[in-house]
Each structure stands twice: as C-alpha cells, then as structure tokens.
Amino acid sequence: MSHTFFIAFSYVLTALVITGLILRAVIDHRIQVRALADLEARGIGRRSRRG
Amino acid sequence: MIRELANPTRFMSLSGALLPWIGGLAALLMAVGLYMVWFTAPADYQQGETVKIMYIHVPAAWLSLFFYMIMASSALGSLVWRHPLADVSQKAAAPIGAAFTLICLVTGSLWGKPMWGTYWQWDARLTSMLVMLLIYLGILALWRAIEEPNRAARAVSILTLVGAVNVPIVKFSVDWWNTLHQPAAVFRLDGPTIHASMLVPLLIMALAFTLVGVALHLSGMRTEILRRRVRTLTILEAERLDVQAA
C-alpha cells in the first residue's frame with residue numbers, strides 16, 4: 001500500500017471521530033433541553049416541591 | 001473564581017457565552033493548521049510525506065493525557081472538596097479523552113506500518129497507551145453501571161485516581177525503557193529537536209485540538225448539568241404522582 005493510503009486513512013478517521021464527538025454533544029444537548037422544557041411545561045419545577 | 005464557578009447556574013451562563021468564541025477560534029486554528037500541514041510544512045528527509053500523520057497523532061496523544069489530568073483533578077475535587085461541578089467535569093471529560101486516545105493509537109498504528117514495518121509492537125509506550133484506553137473505557141462503563149450520580153462519581157473518582165499512575169508511565173516510558181517509539185521531541189529540557197517549519201504547524205494543530213477538546217468538555221458539562229436537572233425533576237414528578245395516588 002502506498003504511504004498516501006496511511007496518511008489519508010489517519011486524517012479521515014480523525015475527522016470522523018471528532019465529527020462524531022461534536023454530533024453526539026449537539027444531539028445529547030438538544031435531547032436534554034427538550035426533556036427539561038417538557039417537564040417545565042407540565043408544571044414540574046424545583047419550586048413545585050415547596051408549593 | 002472557582003467558588004463562583006461552583007454555582008451551576010453561573011457556570012451555565014459563563015460557559016454559554018464562552019463556547020461560541022472557543023469553538024470559532026478552534027475552527028480558525030484548525031483551518032490555519034491544516035493549511036500549513038498540507039501546503040507549507042516540508043516532507044521529512046527520512047519519512048517523506050508520511051510525517052503528516054504526526055500533526056494529528058501527537059496532539060491526540062497530548063490531549064489523551066490532558067483529559068486524564070482533568071479527570072484526575074476533578075476526581076480530587078469530587079472526593080476531597082466536594083466541588084459541585086467536579087463530578088460533572090469528570091463525567092464530561094471521559095468520552096473526549098477516550099476518543100483522543102483512540103485517535104492516537106490508530107494513527108500511531110497507521111504511521112508505524114510504513115515506518116517500522118508493523119502496525120503494533122508490545123513496547124512500553126504503545127502498551128501503556130493501550131492501557132490508558134482500557135482505563136478510559138473502564139471509567140465510561142462504571143459511569144453507566146451506577147445509576148445514582150453521586151455514588152457513581154465516588155466510585156469513578158477512586159478508579160480515576162488509581163489509573164492516574166499510568167500517566168507518568170505513558171510520558172516517561174520512552175526514557176525508562178528501550179522502546180521502538182521515538183523519545184520526546186518537543187517537551188524536552190534541552191528544547192525541541194524539531195525544525196521550526198514542522199514545529200509551528202504542530203503547535204498550531206495542538207492548540208486547535210486543545211480548543212476543540214475544551215469546547216467539547218464545556219458543552220458536555222452543560223449537557224450533564226441539564227441531565228441532572230431532568231433527573232431531579234423526573235423524580236419530583238414521580239413523587240407528586242405518588243402523593244396524588246395515595
């Protein structure tokens with residue numbers, strides 16, 4: 001195999017892993033924001049314990 | 001400063017303002033670094049163009065150790081000072097550190113095949129780095145195994161601090177043992193042994209990787225804080241439903 005294969009594979013793999021980390025961060029954040037908004041819309045808030 | 005940041009609400013506000021700047025700077029530095037790597041950095045006199053793997057392999061290795069040190073200091077903060085954000089920081093750092101360790105191992109292997117003639121050698125540096133990945137995976141598994149976040153944080157903190165013994169082994173393995181892996185070429189007492197034409201793009205790529213890592217860490221911490229809020233509110237809702245049913 002030519003050296004180009006090893007170089008290209010290294011960069012593509014790194015790009016995929018970093019993109020995966022970024023996507024995971026964005027998707028996970030959106031899921032939590034939606035879940036929190038959903039709970040608050042149903043009237044479940046920290047203050048509801050006292051109320 | 002640290003006490004002020006210990007307040008999750010203040011942390012959310014400050015990190016929310018900082019994140020776009022850190023992300024933007026990371027993207028800019030990554031673009032500059034990649035341009036230098038592909039268009040200005042020379043080929044190595046022995047390795048030829050294969051040396052381009054160095055510009056991602058070395059920063060990934062540094063970040064693997066960097067994120068482990070973040071986890072170890074967060075573990076101390078969690079166990080000793082009970083810092084409210086310490087276990088959040090610890091949990092957010094683990095997948096990022098594991099990902100950079102994986103990048104380091106795979107790119108090292110891909111660099112090793114054309115240069116050494118083998119993808120893998122059980123030498124001290126490569127083996128200690130593989131142990132580092134296994135420790136990261138163990139920590140990630142432990143986070144998932146214990147549902148209650150505070151109990152999970154205590155168990156993970158102990159494992160993280162025990163595993164920290166591997167950090168100096170990784171760093172000094174090339175000095176303590178006779179290894180196939182080359183010795184340190186940048187952080188040396190007598191100064192870097194790499195020519196400036198390669199050192200500058202390497203440092204820019206390292207800074208870009210670090211900023212990407214920091215942005216991901218801050219983002220992960222923010223998400224973890226939200227996840228804990230969701231968990232608390234879900235428990236509150238369940239308690240309220242129990243009271244209504246009774």
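Keep in mind the model is a prediction, meaning the values are calculated, not measured. (Residues numbered from 1 in each chain as written. Chains lettered and ligands numbered in written order. Predicted model: local features only at pLDDT ≥ 70, side-chain atom pairs only at ≥ 80, totals over all residues.)

**So, the overall build of chain A**
1) Next: For chain A, the helix and strand inventory stands at one helix and zero strands.
2) Next: Buried residues in chain A amount to 18% of all 51 residues. (Helix = DSSP H or I, 4+ residues; strand = E, 2+ residues; numbered from the N terminus. Buried ≥ 20, exposed ≤ 12 C-beta atoms within 10 Å, placed from the backbone.)

**A look at the environment of B:Ser13**
1) Next: Considering the arrangement of structural elements, one finds B:Ser13 in helix α2 (residues 8-40).
2) Next: A sequence separation of 209 residues divides B:Ser13 from B:Arg222, and the C-alpha atoms of the two residues are 9.7 Å apart.

**Some details on unusual backbone geometry**
1) Next: Its identity as a non-glycine residue notwithstanding, B:Arg82 has a phi of 50°, on the positive side.
2) Next: For B:Arg82, a count of 12 C-beta atoms within 10 Å gives the class exposed.

**Concerning the interface of chain B and chain A**
1) Next: Contact with chain B, which involves 30 residues of that partner, is made by 23 residues of chain A.
2) Next: Mapped onto the side of chain B that touches chain A, the elements with two or more residues apiece are α4 (86-116) and α8 (196-245) of chain B.
3) Next: Among the residues making up the side of chain B that touches chain A, the classes are represented as 16 nonpolar, seven polar and seven charged. (Contact = placed C-beta atoms within 7 Å. Nonpolar A, V, L, I, M, F, W, Y, C, P; charged D, E, K, R; others polar.)

**Examining the environment of B:Glu237**
1) Next: Tracing the backbone through its elements, the reader meets B:Glu237 in helix α8.
2) Next: Residue class for B:Glu237 comes out partly exposed when judged on the 15 C-beta atoms lying within 10 Å of it.
3) Next: Discounting chain neighbours no more than four positions away, the residues touching B:Glu237 are A:Leu39 and A:Ile44.

**Structural notes on the UniProt feature "transmembrane region" (unreviewed entry) in chain B**
1) Next: According to UniProt, the positions carrying the feature "transmembrane region" (unreviewed entry) are residues 21-41, 61-81, 93-112, 124-143, 155-174 and 194-219 of chain B.
2) Next: With 92% helix and 0% strand, residues 194-219 of chain B has its two end C-alpha atoms placed 34 Å apart. (UniProt positions renumbered as here; feature names shortened; annotations may be inferred.)

**What about the confidence of the model for chain B?**
1) Next: When pLDDT is averaged along chain B, the result is 90; 98% of the residues meet or exceed 70.
2) Next: Confidence metrics for the complex model read pTM 0.91 and ipTM 0.89. (pLDDT = per-residue confidence, 0-100.)

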